[in-house]
Amino acid sequence: MDFFSSDQHFDQLYPPAISALASRHWTPIAVAKEAAAFLAVGSNTRILDIGSGVGKFCMIGARFHPHAAFTGVEQRDSLTQIAQSIAHELSLTNTHFLTGNFTDIDFTQYHHFYFYNAFYENLIDNDTIDQTVEQSPELFNMYNRKLYKQLKKLPAGTRIATFHSSENEMPSSYQVVGVGTNEDLKFWIKL
Ligand SMILES: C[S@@+](CC[C@H](N)C(=O)[O-])C[C@H]1O[C@@H](n2cnc3c(N)ncnc32)[C@H](O)[C@@H]1O
């Protein structure tokens, strides 16, 4: 089966409880393909997915851009383990999945970034992935501020694709240069 041909096929790779979360929490294939095409420019490009979940964005990017490296950082180790195991099953050699908080990552090690509203779960009471991590409006604000600071330090030309972003995390030095077919996908470049 070509798992990359539709979301229905790709999401079958995951355990049922994880694929049940797909429509709400994991990037659709069409969005991932457009975002990855915007980010995987140049040669040997290193891309970071900030809050990588079960690795769907990274794996789709890696499949269609074999010369770029896709790293995901994810706070829930159980999700990182699933991403690693499926990347192995798909024989992808250009994905890396790390467990941790994005606040501990050195962003200067990456060229371009993907961000699917990872902090929103701090603002909602239901429909979250699980209850294994602390969630609060204070954390939402703190993570937004930390991401803003990290992004501000990056060099001109840095690209970010955001999906369903509140845009509070985007410093004014980043300009929207395009919108995806799905209008919740936005393309930014640092001036
Ligand atoms: C909306 S999901 C997107 C997953 C993946 N990027 C995708 O598009 O398929 C956001 C993920 O970010 C993770 N996350 C939230 N806050 C985080 C933080 N501070 N550090 C690392 N991961 C975080 C959540 O656990 C969740 O798995």
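This section reports on the structure supplied with the text. Note that the coordinates shown come from a computational prediction; the quantities given were computed from them, not determined experimentally.

**A word on a positive patch on the surface**
Right, on to step 1. Taken together, the side chains of R145, K146, K149 and K153 define a basic patch exposed on the protein surface.
Right, on to step 2. For R145, the location among the structural elements is in helix α7 (residues 137-152).

**Looking at the site of the ligand**
Right, on to step 1. Not every one of the 23 residues close to the ligand is listed here, only the nearest: T27, D49, G51, E74 and R76.
Right, on to step 2. In the model, a nitrogen atom of the ligand is placed 2.8 Å from a nitrogen or oxygen of the D49 side chain.
Right, on to step 3. Side-chain polar atom of N101 to a nitrogen atom of the ligand: 3.0 Å apart, as the coordinates give it.
Right, on to step 4. Taken by itself the ligand offers 600 Å² of open surface, and the protein chains cover 98% of this.
Right, on to step 5. Judged by the proximity of its atoms to the pocket grid, the ligand belongs to the largest pocket.
Right, on to step 6. Sorting the residues of the shell around the ligand by element identifies α5 (56-64) and β4 (112-116) as the ones contributing at least two each.

**Some details on the layout of surface pockets**
Right, on to step 1. Of the voids in this model, the largest pocket is the one considered here, and its volume is about 550 Å³.
Right, on to step 2. Lining the largest pocket are 33 residues, and of these G51, Y116, N117, A118 and F119 lie nearest its centre.
Right, on to step 3. When contributions to the lining of the largest pocket are tallied by element, the ones reaching two or more residues are α3 (22-25), β1 (46-50), α5, β2 (69-74) and β4.
Right, on to step 4. Classifying every residue of the lining of the largest pocket by side-chain character gives 14 nonpolar, twelve polar and seven charged.

**Comments concerning helix α6 (residues 77-89)**
Right, on to step 1. Here α6 contains 13 residues, and its C-alpha end-to-end distance of 18 Å stays within 8% of the 18 Å for a straight helix at 1.5 Å per residue.
Right, on to step 2. Within α6, the full set of buried residues consists of L79, T80, I82, A83, I86 and A87. For α6, the angular spread of the buried residues around the axis is 160 degrees, confining them to a single face. Across from the buried face of α6, at angles greater than 90 degrees, the exposed residues are H88 and E89.
Right, on to step 3. Close packing links the buried residues of α6 with α2 (16-19), α5, β2 and β3 (95-99).

**Let's talk about the sheet that holds strand β7 (residues 185-190)**
Strand pairs in the sheet, formed through backbone hydrogen bonds, run parallel or antiparallel to each other.
Right, on to step 1. As summarised here, the arrangement of the seven strands in space is β3-β2-β1-β4-β5-β7-β6, forming an open sheet in which the pairing is mixed. The outermost strands of the open sheet, each flanked by one partner alone, are β3 and β6 (174-179). For this sheet the average axis-to-axis angle between neighbouring strands, irrespective of direction, equals 20 degrees.
Right, on to step 2. Strand direction decides the pairing type here: β1 and β4, joined by three bridges, are parallel. Considered in β4, the bridge of I47 is made with H112.
Right, on to step 3. Strands β1, β2, β3 and β4 of the sheet are contacted by α5, whose axis makes an angle of about 175 degrees with β2.
Right, on to step 4. Seen against the sheet, α7 touches β1, β4, β5 (159-163), β6 and β7 and runs at an angle of roughly 45 degrees to β7.

What counts and how
Per-chain numbering applies: the sequence of each chain, read as written, is numbered from 1 onward. With the structure being a predicted model, the display of local features is reserved for residues of pLDDT at least 70 and the display and counting of side-chain atom pairs for 80 or more, all residues being used for whole-chain, interface and lining totals. Neither water nor hydrogens contribute to the side-chain values; these are computed over all heavy atoms in the structure. Think of a patch as exposed residues, more than 30% relative accessible area, with no salt bridge, where like charges cluster within 9 Å and nonpolar side chains (Val, Leu, Ile, Met, Phe, Trp, Tyr) cluster within 5 Å. Accessibility throughout is a Shrake-Rupley quantity obtained with a 1.4 Å probe, and a residue counts as covered only by protein chains that appear here. Put simply, a salt bridge is a Lys or Arg side-chain nitrogen that is within 4 Å of an Asp or Glu carboxyl oxygen. Charged-residue counts in this description rest on Lys and Arg as positive and Asp and Glu as negative, His and the chain ends being excluded. Where a charge lies is defined by one atom per residue type: Lys uses NZ, Arg uses CZ, Asp uses CG and Glu uses CD. Segments assigned H or I by DSSP are reported as helices when at least four residues long, segments assigned E as strands when at least two residues long, and all are numbered from the N terminus. Any residue with a heavy atom positioned within 4 Å of a molecule or strand is treated as near that molecule or strand. Throughout this description, a polar contact denotes any pair of N or O atoms lying within 3.5 Å of each other; where both atoms belong to protein, one of them has to be capable of donating a hydrogen while the other can accept it, and for residues adjacent in sequence the pair is counted only when both atoms sit in side chains. The way it works is a 1 Å grid over only the protein atoms, where trapped points that fit a 1.4 Å probe form a cavity and open points with protein on both sides within 12 Å along at least five of seven lines form a pocket, and then any residue with an atom within 4 Å of a point lines it. More than half of a molecule's atoms within 2 Å of the grid points is what it takes for that molecule to sit in a cavity or pocket. Grid points are joined across faces, edges and corners, and a volume is the space filled by probe spheres set on the points. Think of it as three bins: nonpolar holds Ala, Val, Leu, Ile, Met, Phe, Trp, Tyr, Cys and Pro, charged holds Asp, Glu, Lys and Arg, and polar takes everything else, Gly as well. To estimate the expected span of a helix, count its residues, drop one, and scale the result by 1.5 Å. Exposure is judged per residue with a 1.4 Å probe applied to protein chains only, and the accessible area is read against the type maximum: over 50% gives exposed, under 20% gives buried, and values in between give partly exposed. The arc in question is traced by the directions running from the helix axis to the C-beta atoms. Residue contacts follow a heavy-atom distance rule, with two residues in contact if any of their heavy atoms lie within 4.5 Å. Note on pairing: two strands pair once DSSP finds at least 2 bridges between them. Helix axes are fitted only over the stretch in contact, all axes being lines through C-alpha atoms; the angle between N-to-C directions runs from 0 to 180 degrees.

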